[in-house]
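Reading the structure
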Amino acid sequence: MNAAALLLEIKGLRAGYGEVDVLHGIDLEIRDGEFVCIIGANTAGKSTILRAISRLVPRASGTLRFAGADLSTRASHEVPALGIAHVPEGRHVFPDMSVEDNLMLGAFTARSASDLPERMQRIFELFPRLRERRSQLAGTLSGGEQQMVAVGRALMLNPKLLLLDEPSHGLAPKVVEEMHDAFVKIHSGGTSILLVEQNVGLALDVATRGYVLETGRITLQGSSAELSQNPAVRAAYLGI
Amino acid sequence: MKKWFALAAVIAVAAVVPLLLNPTGYWIRVLTFTLLFAAMAQAWNLIGGLANQTSLGHAAFFGIGAYTSTILLLKFGISPWLGMFAAGALGGLAALVIAIPTLRLQGHYFALATLAFGEVMRVIANVWTPLTGGPGGLSVPFTPPSFAAYSFKQLLPHAYIALAALIIVTAIFEFIRRGAMGYRLRAIRENQAAAEVIGIDTTKVKLQTAVISGALMAMLGTLYAQVAVFFDPDTVFSAAAISIRVALIAILGGVGTAAGPILGALFIIPVEELMNDLFSAGAAGLSQLIFGAILIAVILWRPRGFITLWDSLRARFARGEARR
Ligand SMILES: Nc1ncnc2c1ncn2[C@@H]1O[C@H](COP(=O)(O)OP(=O)(O)OP(=O)(O)O)[C@@H](O)[C@H]1O
Ligand SMILES: [Mg+2]
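These remarks concern the structure in this document.

Reading the values: rules and limits
Residues numbered from 1 in each chain as written. Chains lettered and ligands numbered in written order. Predicted model: local features only at pLDDT ≥ 70, side-chain atom pairs only at ≥ 80, totals over all residues. Heavy atoms only, no water. Helix = DSSP H or I, 4+ residues; strand = E, 2+ residues; numbered from the N terminus. Rg over C-alpha atoms; globule rule 2.2 N^0.38 Å. Buried < 20%, exposed > 50% of the residue type's maximum accessible area, 1.4 Å probe, protein only. Contact = heavy atoms within 4.5 Å. Areas by Shrake-Rupley, 256 points an atom, 1.4 Å probe, with all protein chains shown as cover. Near = heavy atom within 4 Å. Polar contact = N/O pair within 3.5 Å; in protein donor to acceptor, adjacent residues only side chain to side chain. Nonpolar A, V, L, I, M, F, W, Y, C, P; charged D, E, K, R; others polar. Buried area = accessible area lost by both parts, 1.4 Å probe. Salt bridge = Lys/Arg side-chain N within 4 Å of Asp/Glu carboxyl O. Donors = N, O, S within 2.8 Å, 3.2 Å for Na, K, Ca; no water. Axes fitted to C-alpha atoms, helices over the stretch in contact; angles between N-to-C directions. Left-handed = near helix turned anticlockwise from the far one by under 90°. Pairing = 2+ DSSP bridges.

On to the overall build of chain B, then. When you go through chain B residue by residue, the secondary structure sums to 15 helices and two strands. Taking 324 residues into account, the globule formula puts the C-alpha radius of gyration at 20 Å, and chain B, at 20 Å, falls close to it. Over its C-alpha atoms, taken along the principal directions, chain B stretches across nearly 65 × 50 × 45 Å. For chain B, with 324 residues in total, the buried portion stands at 48%. Pairs at least 24 residues apart make up 76% of the contacts formed inside chain B by residues separated by at least 6 positions. Surface accessibility of chain B: about 15600 Å² in total, with carbon and sulfur atoms responsible for 72%.

Here you go:
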């Protein structure tokens with residue numbers, strides 16, 4: 001595991017929106033091919049970490065490196081081209097565009113790529129429901145289908161790292177399962193994943209490693225097995 | 001093909017109408033202002049429709065345009081045709097300056113901030129007397145009639161210039177809407193958060209749109225100055241008569257569509273004139289009251305603009321065809 005190259009390196013990340021910091025010095029690493037999750041209570045700052053990686057937080061300092069590039073000098077619109085695809089919190093689709101157009105827009109910064117039809121086929125294999133609804137307007141899809149569109153749109157980029165912000169929030173249990181099966185497939189296809197998830201049991205099921213975030217600080221980290229055995233995690237997040 | 005033919009027919013009809021009106025009469029004036037306001041609403045439609053940022057401050061750019069070309073003509077004898085481009089440059093610059101701090105604002109906050117900007121420009125024009133002539137306004141100096149000097153004895157040439165302006169601004173609108181920039185704007189409009197994470201530089205696209213919109217609006221301010229011959233700060237920087245009216249025209253016609261501002265202007269400007277004609281003898285403000293009531297009724301009837309009337313007519317026609 002440790003032989004794999006460092007993909008994402010975060011050191012001493014402080015970030016916030018107004019005067020106050022939301023993140024007070026975060027250290028986090030992802031090696032090539034890892035599936036890592038961040039767990040933590042509401043307002044702990046989980047989304048802010050993902051948004052800082054995507055350069056969407058107005059104020060952030062500290063080391064942010066991705067595959068050799070210094071992220072802190074990049075603007076948010078330059079991040080996807082580096083190979084980072086972000087599925088933001090909430091079901092963010094383009095409602096008046098077809099499923100296909102939504103997916104195509106995911107490759108916005110890779111428009112010159114010649115294999116876009118193949119990429120779309122792979123997404124349809126991952127989410128067969130989207131193939132059936134390829135020409136339907138995304139705004140008329142069910143919540144779960146919209147989230148599939150959002151994930152599929154991110155995959156159109158062929159990212160090295162996929163950032164997932166509570167992708168199963170508010171979805172029916174069956175759809176949540178479907179979604180997590182898809183994440184495991186995406187991961188085994190070679191894409192590294194950083195997953196933020198409220199459903200801690202599920203997150204530790206699919207991810208290999210995890211970080212516990214409390215009010216802007218990492219308080220625990222370890223393999224998923226370690227974390228799910230940890231008494232504090234069990235009490236606070238697994239309700240055991 | 002059929003579409004281009006229809007378009008050519010509409011332009012041909014529009015080109016003939018001015019000839020049918022009494023060249024020294026009242027209706028040629030109404031027509032000129034209708035065309036001008038349609039062009040203004042189309043310029044507004046770039047930022048208000050394509051970028052979905054409801055500006056209520058477009059009078060700022062309009063007034064800047066009217067003053068720029070007129071001051072250049074008065075002080076340096078520069079033809080308003082050239083002054084129009086200086087107006088466009090200044091209008092674009094002003095749009096950039098106001099857009100940088102305000103474009104982050106959403107919805108009502110953006111509308112209020114731009115409204116305030118328009119009012120600030122009005123106040124500045126009123127107090128900066130050495131340059132603008134202050135509240136007394138400016139008269140466009142008389143020059144011997146010629147096309148090069150943008151000076152005409154009659155309104156007819158002005159009507160054609162306004163028509164040409166409307167065609168050009170509409171062409172620019174359509175070009176942007178159908179192009180890569182329009183695609184980016186559409187993504188931003190439909191879901192800003194999603195547009196950001198797929199790598200669209202949302203700030204840059206909106207700024208570009210704001211600058212083009214402001215520049216065009218300022219150039220139309222020059223056309224207005226040449227038709228009106230006299231204007232003052234309270235007219236060209238008016239929140240009600242310019243800023244809100246152009247937004248209303250586009251919204252009433254169908255915001256974000258090329259035909260919307262044209263339909264809106266064809267309705268609002270003549271109806272407003274008609275109301276003034278019919279009811280100005282009555283109690284003070286009666287005509288405005290009736291005009292306001294008509295606007296409310298229309299918005300309730302067609303909340304998404306007259307353009308939807310066309311869509312439902314076409315749908316009905318298509319059903320009829322299918323039945324046959
Ligand atoms: N755009 C913003 N402006 C100001 N404050 C914000 C903004 N976004 C988040 N915050 C604040 O930052 C803190 C962390 O928010 P963040 O969204 O990162 O938490 P989270 O762990 O993702 O929570 P949740 O589980 O509810 O999604 C919160 O206190 C929140 O109020
Ligand atoms: Mg969150």
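Attention now moves to the environment of Tyr160(B). Residues and elements named next belong to chain B. Looking at the element boundaries, Tyr160 is found in helix H7 (residues 156–178). For the pair formed by Tyr160 and Ile28, sequence separation is 132 residues and the distance between their alpha carbons is 11 Å. Apart from the residues within four sequence positions on either side, Tyr160 is in contact with Ala15, Pro18 and Leu19.

Here we come to the site of ligand 1. All names here are of chain A. Of all residues adjacent to ligand 1, which total 13 residues, the nearest are Gly45, Lys46, Ser47, Thr48 and Glu89. Asn42 is positioned such that a nitrogen or oxygen atom in its side chain is 3.1 Å from an oxygen atom of ligand 1. At 2.7 Å, a side-chain N or O of Ser47 approaches an oxygen atom of ligand 1. In isolation ligand 1 exposes 630 Å². Once the protein is present, 60% of that is buried. At three residues, the largest contribution of residues to the shell around ligand 1 is made by helix H1 (residues 46–53). Considered class by class, the residues forming the shell around ligand 1 number four nonpolar, six polar and three charged.

Okay, the interface of chain B and chain A next. Listed by partner, the interface residues are 15 residues for chain B and 18 residues for chain A. The largest contributions to the chain B side of the interface with chain A come from Glu190(B), Val197(B) and Ile198(B), which together make up 37% of the buried area. Our enumeration of links across chain B and chain A arrives at zero salt bridges. On the surface where chain B and chain A come into contact, there are five residue pairs in polar contact (both at pLDDT 80 or more). The set of elements that each furnish at least two residues to the side of chain B that touches chain A consists of helix H8 (180–190) and helix H9 (192–197) of chain B.

So, about the coordination of the magnesium ion (ligand 2). When a metal holds four donors in a tetrahedron, each ideal angle between them is 109.5 degrees; when it holds six in an octahedron, the ideal angles are 90 or 180 degrees. All names here are of chain A. The protein atoms that coordinate the magnesium ion (ligand 2) are Ser47 (OG) and Glu89 (OE), at distances spanning 1.9 to 2.6 Å. With a gap of 42 residues between them, Ser47 in helix H1 and Glu89 in the loop between strand E6 (84–87) and helix H3 (99–106) connect regions that are remote in the sequence. A residue is classified by how much of its surface remains accessible, and Glu89, at 40% relative accessible area, is partly exposed.

Residues and elements named next belong to chain B. At a minimum axis distance of 10 Å, the contact between H8 and helix H10 (residues 202–228) shows a crossing angle of 115°. Two packed elements cross with a definite hand, and for H8 against H10 that hand is left-handed. Contacts between H8 and H10 pair Met181, Arg184, Leu185 and Ile188 from the former with Thr202, Val205, Lys206, Gln208, Thr209 and Ile212 from the latter. Of the residues assigned to the contact of H8 with H10, the class counts are five nonpolar, three polar and two charged.

Attention now moves to the sheet that holds strand E1 (residues 6–16) of chain A. Residue and element names in this part refer to chain A. Strand order in this open sheet of four strands is E2-E1-E4-E5, and the pairing throughout is antiparallel. Every interior strand has two partners, whereas the edge strands, strand E2 (21–31) and strand E5 (69–70), have only one. Bridging between strand E4 (residues 59–66) and E5 involves two bridges; their strand directions are antiparallel. Bridge pairing in E5 links Arg65 to Asp70.

Right, let's get into the sheet that holds strand E3 (residues 35–40) of chain A. Residue and element names in this part refer to chain A. Read across the open sheet, the six strands follow the order E6-E7-E8-E3-E9-E10; overall the sheet is mixed. Lying at the two open borders of the sheet, with one neighbouring strand each, are E6 and strand E10 (217–223). Across the sheet, the mean angle from the axis of one strand to that of its neighbour is 15°, orientation sign disregarded. Where E3 and strand E9 (residues 209–214) come together, five bridges link them in parallel fashion. When the bridges of E9 are listed, Gly40 appears paired with Leu213. Contacting E3, strand E7 (161–165) and strand E8 (192–196), helix H7 (residues 173–188) runs over the sheet at an angle of about 150° to E8.

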